[in-house]
Amino acid sequence: MDHPALAPVLEVFASIQGEGRYVGEPQVFLRLRGCPMRCTWCDTPGSWDVPAAASARVMTPDGPERHPLWASPFHAITWIGSAEPRDPRTVSLTGGEPLIWPEFILGLRTMLGGRRLHLETAGGHPEALARVIDVIDHVSLDLKLPADLEAPVPSIFEGPDGVRSTSETAPNDLATWRIARRRCLTLVSGRDACAKIVVSGERSRDDYQELLEDVSGLAAGTPVVLQPVTPLGGATAPSAELLNDLAEDARDLGLEVRVVPQVHRTLGIA
Ligand code: SF4
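A.B. asks: I keep staring at the pairing of strand 2 (residues 26–32) and nothing clicks. Help me out?
C.D. replies: Burial runs high along strand 2: 6 of the 7 residues are buried. Here 7 bridges tie strand 1 (residues 7–16) to strand 2, and the two strands are oriented antiparallel to one another. For Glu11, the partnering residue across the bridge sits in strand 2 and is Arg31. One ladder, built from 5 bridges, connects strand 2 with strand 7 (residues 90–94); its direction is parallel. Bridge pairing in strand 7 places Val28 opposite Val91.

This is the structure in structure tokens:
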């Protein structure tokens, strides 16, 4: 059943892309609320919920503005225009997990004209990804280690006028994560995409092999970005040896690989 193409917006802001294949590119970020997953290294836990009393924050060159939480694609593109300092930028759709709002994504595309739309996703909702992938110009697909995931929260988010997040269930164990990951990799194969793997000092080289082998087997042309976890909130940065070993493991599998930390953290920007 189709629902109104609304989504809850946490914030809209212009910044520098700090992760993935387009690292360093000035972009404008549209961060949606709502995520049923619980990744150990989540750096945006404030995006998980959709509190009824929340509002959208739009960072304009003249300062922050507050707007209603639930946005149509038209409202979102208006706020994006307000946040951009000058010429239109690539729009990076992030979260939360933006894939739980597929109708909104389809509607947003129709508002964007020729400008690029990038999607950052954890890859837990392959049915939603299949619905929207033809309107996305770049997918940054996080590949999660099962050991870095806690059980998802079984939640469907509801908004005004009957709007609901997708009914597609987030994976909740090793087997369902493996299925979701492989379906997502198959979907992005041959497209403009990257597979991002957060590397933690608390994991071993062996822990990452299945992820690398899945990229090699299902999406061999997709670049892999190894992202050392930012050592905040008790996270342990990986050693240079672990990063070098994983880069070589990826190369041995014929993969294009880069090691890139969260650049926006290094720069001290949002
Ligand atoms: S999918 Fe993204 S927002 Fe959700 S818990 Fe994981 S890192 Fe955080």
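A.B. asks: In this structure, what is going on with the site of the ligand? I would like to understand it.
C.D. replies: As a matter of local geometry, the ligand sits amid Cys35, Met37, Arg38, Cys39, Cys42, Thr44, Ser47, Gly95, Gly96, Glu97 and Ala122. Counted by class, the shell around the ligand contains 5 nonpolar, 4 polar and 2 charged residues.

A.B. asks: What exactly am I supposed to notice about the nonpolar core here?
C.D. replies: Generally speaking, a soluble globular protein has its nonpolar side chains buried in company with each other. Counting residues in hydrophobic clusters, the biggest one holds 65 residues, and the most contacted among them are Val9, Val12, Leu30, Ile80, Ile197 and Val224. Looking at this core, the element that brings in the most residues is strand 11 (residues 193–199), giving 6 residues. In this structure, Val12 is in contact with Phe29, Leu30, Ala56, Val58, Met59, Trp79, Ile80 and Ala83, ignoring residues within four places of it in sequence.

A.B. asks: Quick question: what am I supposed to make of the packing of helix 1 (residues 73–83) against helix 2 (residues 102–111) here?
C.D. replies: For any two helices packed against each other, the geometry is given by the interaxial angle and the distance between the axes. Contact geometry for helix 1 and helix 2: axes closest at 8 Å, N-to-C directions at 55°. By the angle between their directions, the pair helix 1 and helix 2 is classed as oblique. The way helix 1 lies across helix 2 gives a crossing that is right-handed. Two secondary-structure elements touch here, helix 1 through Pro73, Phe74, Ala76 and Ile77 and helix 2 through Phe104, Gly107, Leu108, Thr110 and Met111.

A.B. asks: Teacher, can you tell me more about helix 1 here?
C.D. replies: Every α-helical turn comprises 3.6 residues, leaving residues that sit three or four positions apart pointing alike. If you check which residues of helix 1 are buried, you get Pro73, Ala76, Ile77, Trp79, Ile80 and Ala83. With its buried residues spanning 160° around the axis, helix 1 presents them on a single face.

A.B. asks: Just checking my understanding: could you explain helix 5 (residues 209–218) for this structure?
C.D. replies: Buried residues of helix 5: Leu211, Leu212 and Val215, and no others. Along the long axis of helix 5, the arc covered by the buried residues comes to 95°, so they all point the same way. Buried residues along helix 5 sit in contact with helix 4 (174–188), strand 11, strand 12 (224–228) and helix 6 (240–252).

A.B. asks: Looking at this model, I keep getting lost on the environment of Pro238. Mind explaining?
C.D. replies: Positionally, Pro238 belongs in the loop between strand 12 and helix 6. Measuring from C-alpha to C-alpha, the distance between Pro238 and Val23 comes to 20 Å, with 215 residues separating the pair along the chain. Residues contacting Pro238, with those up to four places away along its chain left out, are Val199, Ser200, Gly201, Pro228, Val229 and Leu243.

A.B. asks: Teacher, can you tell me more about the pairing of strand 4 (residues 55–60) here?
C.D. replies: Pairing analysis gives 2 bridges linking strand 1 to strand 4, with the strands arranged parallel. When the bridges of strand 4 are listed, Val12 appears paired with Val58. Of the strand pairs in this sheet, strand 4 and strand 5 (residues 63–68) are connected by 6 bridges, and their pairing is antiparallel. In the sheet register, Arg57 faces strand 5, and the bridge partner there is Arg66. Between strand 4 and strand 5, which pair antiparallel and follow one another directly, the connecting turn spans 2 residues.

A.B. asks: Explain the environment of Ser140 to me, please; I cannot follow it from the model alone.
C.D. replies: Summarising the element assignment, Ser140 is placed in strand 9 (residues 138–142). Setting aside chain neighbours within four positions, we find Ser140 in contact with Glu19, Gly20, Arg21, His118, Leu119, Glu120, Cys194 and Lys196.

A.B. asks: Mind showing me how you'd approach the environment of Val139 here?
C.D. replies: For Val139, the position within the fold is in strand 9. It is 9.0 Å that separates the C-alpha atoms of Val139 and Leu117, two residues lying 22 residues apart in sequence. Not counting chain neighbours up to four residues away, the residues in contact with Val139 comprise Leu119, Thr121, Ile133, Val188, Arg191 and Ala193.

A.B. asks: Looking at this structure, I do not really get unusual backbone geometry. What am I missing?
C.D. replies: A negative phi angle characterises most non-glycine residues, just as the trans form characterises most peptide bonds. The step from Gly95 to Gly96 runs through a cis peptide bond, and the omega angle for that step is 10°. Structurally, Gly96 can be placed in the loop between strand 7 and helix 2. Non-glycine residue Asp161 carries a positive phi angle of around 55°. Within the secondary structure layout, Asp161 lies in the loop between strand 10 (149–150) and helix 4. Residue classification places Asp161 among the exposed positions, given that 8 C-beta atoms sit within 10 Å.

Calculation rules
Along each chain, numbering runs from 1 in the same order as the chain's sequence is written. Confidence filtering applies because this is a predicted model: local features only for residues at pLDDT of at least 70, side-chain atom pairs given and counted only at 80 or more, and all residues used for totals across whole chains, interfaces and linings. For the exposure call, what matters is how many other C-beta atoms sit within 10 Å of a residue's own: 20 or more marks it buried, 12 or fewer exposed, and in between partly exposed, using C-beta atoms placed from the backbone. Each helix is a run of H or I in the DSSP string that is no shorter than four residues. Each strand is a run of E no shorter than two, and both are numbered from the N terminus. Whether two strands pair comes down to DSSP finding at least two bridges between them. Any residue qualifies as near a molecule or strand once its backbone-derived C-beta atom lies within 6 Å of it. Asp, Glu, Lys and Arg are counted as charged, while Ala, Val, Leu, Ile, Met, Phe, Trp, Tyr, Cys and Pro are counted as nonpolar; the rest, among them Gly, fall into the polar class. In plain words, the nonpolar core is the set of buried Ala, Val, Leu, Ile, Met, Phe, Trp, Tyr and Cys residues that C-beta atoms within 7 Å link up. Each residue gets a C-beta atom placed from its backbone, and two residues are in contact if those atoms lie within 7 Å. For every element, the axis is a line fit to its C-alpha atoms; helices are fit only across the contacting stretch, and the angle between N-to-C directions ranges from 0 to 180 degrees. Angular relationships are summarised with four words: roughly parallel below 35 degrees, roughly antiparallel beyond 145, roughly perpendicular across 65 to 115, and oblique for the angles in between. By the definition used in this description, the sense in which the near helix is turned from the far one sets the handedness, with an anticlockwise turn below a right angle giving left-handed and a clockwise turn giving right-handed. Directions drawn from the helix axis to the C-beta atoms are what define this arc.

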